[in-house]
Amino acid sequence: MCAAFPEFRLGTVLATSFTGTLSERHGDAVERVPTPGRLVDWLVVSGLAVDSCTEAQLGLARELRESIHAVATAAAAREALPASAVQVVNDRSTQGRAAAVLTPEGQRLWRLGSATRRKDTLGVEDALAVIAADAIGIVAGERDGRLALCASPTCRAAFFDTSRSRTRKWCDMNTCGNRQKKARFHANKGRAAGPVE
Ligand SMILES: [Zn+2]
């Protein structure tokens, strides 16, 4: 891994950790998977290890990411789901081969069906299918939680709130939550609103 790339923000929900690889969509956007190699890194730490990734596959991944973001945003706002984005999610979900396997310790692992694919396309489509299916499960309300939008006006990321009270405000406490808290602290001090990082 290269220190020059922005760090990942890994949550416990696969689909929204994935959409979180682009943050500050309404501000100075931070692209956390700027290269195919960086997408491979993200897939590895997310339990979906692949051998390699092409530029075209990175393009597919970003298209899926923005489609999940659009669908999740509409779902969180209780609006009609955008048809084109739903189509992308469904295409990715149906065009991958991945199987869930159970370990002796009772954990689920994903086995990507790479054996049948060409060497240069090992697994990325399969990994994207797992992510797309995860997004479908969340939007369809199959999991215990609530889709919500980050309260930060420069972020507005869709996240999955699994807190007991379902009152989480920010996609990530360490970034958006902290920034908001600091801004409030400075406002309370009566200082001019300077750049807060
Ligand atoms: Zn946020």
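Residues numbered from 1 in each chain as written. Predicted model: local features only at pLDDT ≥ 70, side-chain atom pairs only at ≥ 80, totals over all residues.

Under an unreviewed UniProt entry, the protein chain has the name Zinc finger CGNR domain-containing protein and belongs to Streptomyces typhae.

## Regarding the overall build of the protein chain
Along the backbone of the protein chain there are 6 helices and 6 strands. Going from the N terminus to the C terminus, the protein chain shows its helices and strands as α-β-β-α-α-α-β-β-α-β-β-α. Counting across all 197 residues of the protein chain, residues that qualify as buried make up 32%. Pairs at least 24 residues apart make up 54% of the contacts formed inside the protein chain by residues separated by at least 6 positions. (Helix = DSSP H or I, 4+ residues; strand = E, 2+ residues; numbered from the N terminus. Buried ≥ 20, exposed ≤ 12 C-beta atoms within 10 Å, placed from the backbone. Contact = placed C-beta atoms within 7 Å.)

## Brief notes about unusual backbone geometry
Positive phi outside glycine occurs at E24, with the angle close to 55 degrees. Structurally, E24 is set in the loop between β1 (22–23) and β2 (30–31). On the basis of neighbour count, E24 is assigned to the partly exposed category, with 17 C-beta atoms found within 10 Å. Positive phi, close to 55 degrees, is recorded for R78, a residue that is not glycine.

## Some points on the pairing of strand β4 (residues 108–112)
Here 5 bridges tie strand β3 (residues 98–102) to β4, and the two strands are oriented antiparallel to one another. By the bridge assignment for β4, A100 is matched with W110. As consecutive antiparallel partners, β3 and β4 are separated by 5 residues, and within that stretch G106 has a phi angle of approximately 85 degrees, a positive value. (Pairing = 2+ DSSP bridges.)

## A few points about the packing of helix α3 (residues 55–76) against helix α5 (residues 124–139)
Axes are the key here: two packed helices are described by the angle between their axes and the distance separating the axes. Where α3 contacts α5, the two axes come as close as 11 Å, and the packing angle between them is 0 degrees. By the angle between their directions, the pair α3 and α5 is classed as roughly parallel. Packed against α3, whose contacting residues are Q57, L60, A61, L64, I68, V71, A72 and A75, the element α5 presents V124, L128, I131, A132, A135 and V139 at the interface. Considered class by class, the residues forming the contact of α3 with α5 number 13 nonpolar, 1 polar and no charged. (Axes fitted to C-alpha atoms, helices over the stretch in contact; angles between N-to-C directions. Parallel < 35°, antiparallel > 145°, perpendicular 65-115°, else oblique. Nonpolar A, V, L, I, M, F, W, Y, C, P; charged D, E, K, R; others polar.)

## Describing the nonpolar core
Counting residues in hydrophobic clusters, the biggest one holds 44 residues, and the most contacted among them are A127, I131 and A135. Where this core is concerned, the elements lending two or more residues are α1 (14–19), α2 (36–45), α3, α4 (83–94), α5, β5 (146–149) and β6 (158–161). No other element matches the 10 residues that α5 contributes to this core. Setting aside anything within four residues of it in sequence, one finds A127 in contact with L43, L48, V50 and L112. (Core = buried A, V, L, I, M, F, W, Y, C linked by C-beta atoms within 7 Å.)

## Concerning the environment of R156
Here R156 lies in the loop between β5 and β6. A tally of 18 C-beta atoms within 10 Å means that R156 is categorised as partly exposed. The residues contacting R156, other than those within four sequence positions of it, are R25, H26, L149 and C150.

## Here we look at α4
The end-to-end C-alpha separation of α4 is 16 Å, in line with the 16 Å expected for 12 residues at 1.5 Å each. For α4, the set of buried residues is A85, V88, V89 and R92. One face of α4 carries all of its buried residues, which in axial projection span an arc of 95 degrees. Exposed and facing more than 90 degrees away from the buried side of α4 are A83, S84, Q87 and T94. Packed against the buried residues of α4 are α3 and α5. (Expected span 1.5 Å × (residues − 1). Arc of directions from axis to C-beta.)

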